[in-house]
Amino acid sequence: MIERRIGPGHYGHGPLIVIALFLLALAEPAFGAKGILPAQDAVLTPETAAPMPAVHAATAEPDPQRRRRRRVRRRRVSAVAPVPAFTSPRSVSALASDMDVMLGGGARGGRWGVLVVSLTRGDTLFSRGENEMLQPASTFKLMTSVLALDRFGPDYQLSTDVFRDGPLAPDGTVQGNLYLRGAGDPGFSNRFLRGESSAPVDLLAQFIAGAGVKYVSGDLVADASAFESRKIPEGWRSRYLGLSYAAPVSALSLNENTVWVVIEPGENGGPPKVRLDPSSSSLKVTSSVKVVKGSRGARLSVRRLGENTINARGWIGSRAGPRRYELVVDDPALFTTGALRDALAEQGVNVAGVIRLGTTPSNAQRVTGLSSPPLSRLIAVMNRESVNHYAELLFRNAARGTDTAGSAEAGNAMLRRFASERLGVDSADVYAADGSGLSVLDRVTPRAMVHLLDYAHKASWGSAFHASLPVAGESELLRRRMRSTPAQGNLHAKTGTTNNIISLAGYVTALDGEVLAFTFIYNGNDRWRAKETIDQMGATLANFVRE
């Protein structure tokens, strides 16, 4: 593991710092804040795709009447031998030699793809396996970022709109149906709005009521036709499903397609309260939860019973606080529209009909809408926190045509054409089964990735792209990496991590002011040692100078 140090040949503050950094690194999650992925298992294809797991359970206390004190065993951590964090190469040949040593003494087994290019001088500083087709993990989000920025520009906004297919009578009655049409806005949540998780639909409901609507005689229709109907991309492992970082994909989504089940004891010993946050009339909640008097604990499980029913069971203490359990949403479009119906009811606007899927008629009249933040802000969230949901929606949006739905297949075709026509690499150097890098079928060469970085650096929207990347030792997923090295506050790049992938791609400025673009990709089973090597190489690039 990388150790704090002052410069080449000096070993900083000794083993204790190494141990602390090692423990911090173990705590760093993959795919944003969703946890390290478990061992490999089945891969989802059109033939093997299955419904998502239905169980989410948690135990707060084994028994309300019998509490046992548990001994906490403290494990002694042995000292870790210090490892030089970086070198100080003063020529291209010295840099290449140092990086060869780092790669040779790093991960055991596996495959490496490494390419470092000076964007200032235009020459290649180091390469190994630069033409290898490797799994990129979340560094693939850089591809999605560039596609979206190049097509739309950093100020582009998506809009979630409401339409009616009948006249609005003087008494406020819509004589027909109301349509909620999604355009694939990943920011349709309370991440950018003040308020509860229902904030986006609450605001839309206020706009609808403000437009004079008081009653809808027909149905409330969910229109997610902007994207393909397939919700689970090809190549997502079956064990991903049911986890928040692998929520289903839809053009009409709310709160990144997750919902909280909130359970709390009733007041004055009354029956417990079980509710959804946000509320959605598309889902039914049943409960057999009981209250145990005097306890502060709980033993609860939350599971799905079919597609539209959630069941809670177990017990919760009368003195316990609320317990919250997160579930992914099976049908995002219906869930979002059900949430809008509940929000409309709060505004006194009632819908007589049902909630259903459909397509907005071409002659429907727009009632109102809610715009997303600018694309630059969406991409910043996607890259800094590595949010797969954002990547999947933006990838399909970039590939969506005027008369064609956005799909992963169209996105792959667009990306391969982009690689050939704009990046100047072979179209076979990249393959996209999704836009996030979560699919095990995604492939890219380090050469294609560095050409992408070069293209983005020179683009008119390049500043927005640069600003979206985490910074070594300071922010987001790089905040604990390369601290107290020349890379801190300098290197900015996108991370990628799964059980058998570790990758990093971005920019760093050398000591002489040269801007370097780099891609490090490791595919293999020695991920932790590979991560150490990547951080060594990143810090070394920041400490490089030509003399």
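Structural notes, computed from the coordinates. This one's a predicted model, so the numbers in the text were calculated from it and none came from an experiment.

**Considering the packing of aromatic side chains**
Here is step 1: Counting across every chain of the model gives eight aromatic pairs.
Here is step 2: Plain terms: the ring middles of Phe-465 and Tyr-507 are 6.4 Å apart, the flat faces sit at 90° to each other, and that makes the pair edge-to-face. With Phe-465 in helix α10 (residues 462-467) and Tyr-507 in strand β22 (residues 501-509), this pair connects stretches of sequence that are 42 residues apart.
Here is step 3: Put simply, the rings of Phe-418, Tyr-455, Trp-461, Phe-465 and Tyr-507 pair up and form one aromatic cluster.
Here is step 4: For Arg-324, the ring lying beneath its charged end belongs to Trp-260, and the centroid distance is 4.8 Å.
Here is step 5: A cation over a ring is seen here: Arg-527 above Trp-528, with NZ or CZ 4.7 Å from the ring centre.

**Here we look at the nonpolar core**
Here is step 1: Ranked by size, the top nonpolar core spans 57 residues in total, and within it Leu-178, Trp-236, Ile-263, Val-302, Leu-340 and Leu-344 carry the most contacts.
Here is step 2: One finds Leu-134, Leu-149, Ala-398 and Ala-505 within the second-largest nonpolar core, a separate group that totals 47 residues.

**Some remarks on the packing of helix α3 (residues 141-152) against helix α8 (residues 408-423)**
Here is step 1: Close contact between α3 and α8 brings their axes to 11 Å; oriented N to C, the two are set at 80°. It follows from the interaxial angle that α3 and α8 lie roughly perpendicular. In contact with Met-143, Val-146, Leu-147, Asp-150 and Arg-151 of α3, α8 contributes Gly-411, Met-414, Leu-415, Phe-418 and Arg-422.
Here is step 2: Looking at the contact of α3 with α8 residue by residue, the classes come out as six nonpolar, one polar and three charged.

**Some words on the environment of Ala-472**
Here is step 1: For Ala-472, the position within the fold is in the loop between α10 and β21 (492-498).
Here is step 2: The class for Ala-472 is buried, based on a relative accessible area of 0%.
Here is step 3: For the pair Ala-472 and Gly-489, spaced 17 residues apart in the sequence, the C-alpha separation amounts to 5.8 Å.

**Some points on the environment of Val-291**
Here is step 1: Locating Val-291 in the fold gives a position in strand β12 (residues 290-292).
Here is step 2: The exposure class of Val-291 is partly exposed, given its relative accessible area of 26%.
Here is step 3: Residues Val-291 and Arg-319, spaced 28 residues apart in sequence, show a C-alpha to C-alpha distance of 9.4 Å.

**A short note on the sheet that holds β22**
Here is step 1: Ordered in space as β3-β2-β23-β22-β21, the five strands form an open sheet in which the pairing is antiparallel. At either margin of the open sheet sits one strand with a lone partner, and together these are β3 (124-128) and β21. The mean inter-strand angle of the sheet, taken between neighbouring strand axes irrespective of direction, is 5°.
Here is step 2: Examined bridge by bridge, β22 and strand β23 (residues 515-523) share nine bridges and lie antiparallel to one another.

**A few points about the side chain of Ser-282**
Here is step 1: In this fold, Ser-282 is placed in the loop between β10 (273-277) and β11 (284-287).
Here is step 2: Relative accessible area serves as the criterion here: at 17%, Ser-282 is assigned to the buried category.
Here is step 3: In this structure the side chain of Ser-282 is engaged in a polar contact, spanning 2.9 Å, whose partner is the side chain of Ser-280.
Here is step 4: When residues no more than four places from it in sequence are discounted, the contact partners of Ser-282 are Asn-308, Leu-334, Phe-335, Gly-338 and Ile-355.

**Quick word on the sheet that holds strand β7 (residues 215-216)**
Pairing between sheet strands relies on hydrogen bonds along the backbone, with the strands arranged either parallel or antiparallel.
Here is step 1: Taken in spatial order, the three strands make up an open sheet running β5-β7-β16, and their pairing is parallel. Each of the sheet's edge strands pairs with one partner strand only, and the pair in question is β5 (173-174) and β16 (350-351).
Here is step 2: Here β7 pairs with β16 via two bridges, running parallel. Note on β16: the bridge partner recorded for Tyr-215 is Asn-350.

**Remarks on the pairing of strand β8 (residues 220-223)**
Here is step 1: Along β8, one buried face is formed by Leu-220 and Ala-222 and the opposite face, lined by Val-221 and Asp-223, is buried too.
Here is step 2: The pairing of strand β6 (residues 178-181) with β8 spans four bridges and is parallel. Bridging from a neighbouring strand, Leu-180 pairs with Ala-222 of β8.
Here is step 3: As defined by bridge partners, β8 adjoins strand β17 (residues 355-357) across three bridges and the pair is classed as parallel. Along β17, the bridge assignment pairs Val-221 with Arg-356.

**Some words on the environment of Arg-191**
Here is step 1: When you line up the elements, Arg-191 lands in the loop between β6 and α4 (199-210).
Here is step 2: The partly exposed category is assigned to Arg-191, whose relative accessible area is 32%.
Here is step 3: Remark: the alpha-carbon pair of Arg-191 and Glu-256, spanning 65 residues in sequence, is separated by 9.9 Å.
Here is step 4: With near-sequence residues (within four places) excluded, Arg-191 lies in contact with Glu-256, Val-381, Glu-385, Val-387 and Tyr-390.
Here is step 5: Among the polar contacts listed, one links the side chain of Arg-191 to the side chain of Glu-256, at a separation of 3.0 Å.

Conventions used here
- Residues numbered from 1 in each chain as written.
- Predicted model: local features only at pLDDT ≥ 70, side-chain atom pairs only at ≥ 80, totals over all residues.
- Heavy atoms only, no water.
- Phe/Tyr/Trp six-rings, centres within 6.5 Å; stacked < 30°, edge-to-face > 60°.
- Helix = DSSP H or I, 4+ residues; strand = E, 2+ residues; numbered from the N terminus.
- Lys NZ or Arg CZ within 6 Å of the ring centre and 35° of its normal.
- Core = buried A, V, L, I, M, F, W, Y, C linked by side-chain atoms within 4.5 Å.
- Buried < 20%, exposed > 50% of the residue type's maximum accessible area, 1.4 Å probe, protein only.
- Axes fitted to C-alpha atoms, helices over the stretch in contact; angles between N-to-C directions.
- Parallel < 35°, antiparallel > 145°, perpendicular 65-115°, else oblique.
- Contact = heavy atoms within 4.5 Å.
- Nonpolar A, V, L, I, M, F, W, Y, C, P; charged D, E, K, R; others polar.
- Pairing = 2+ DSSP bridges.
- Polar contact = N/O pair within 3.5 Å; in protein donor to acceptor, adjacent residues only side chain to side chain.

Structural measurements only, silent on function.
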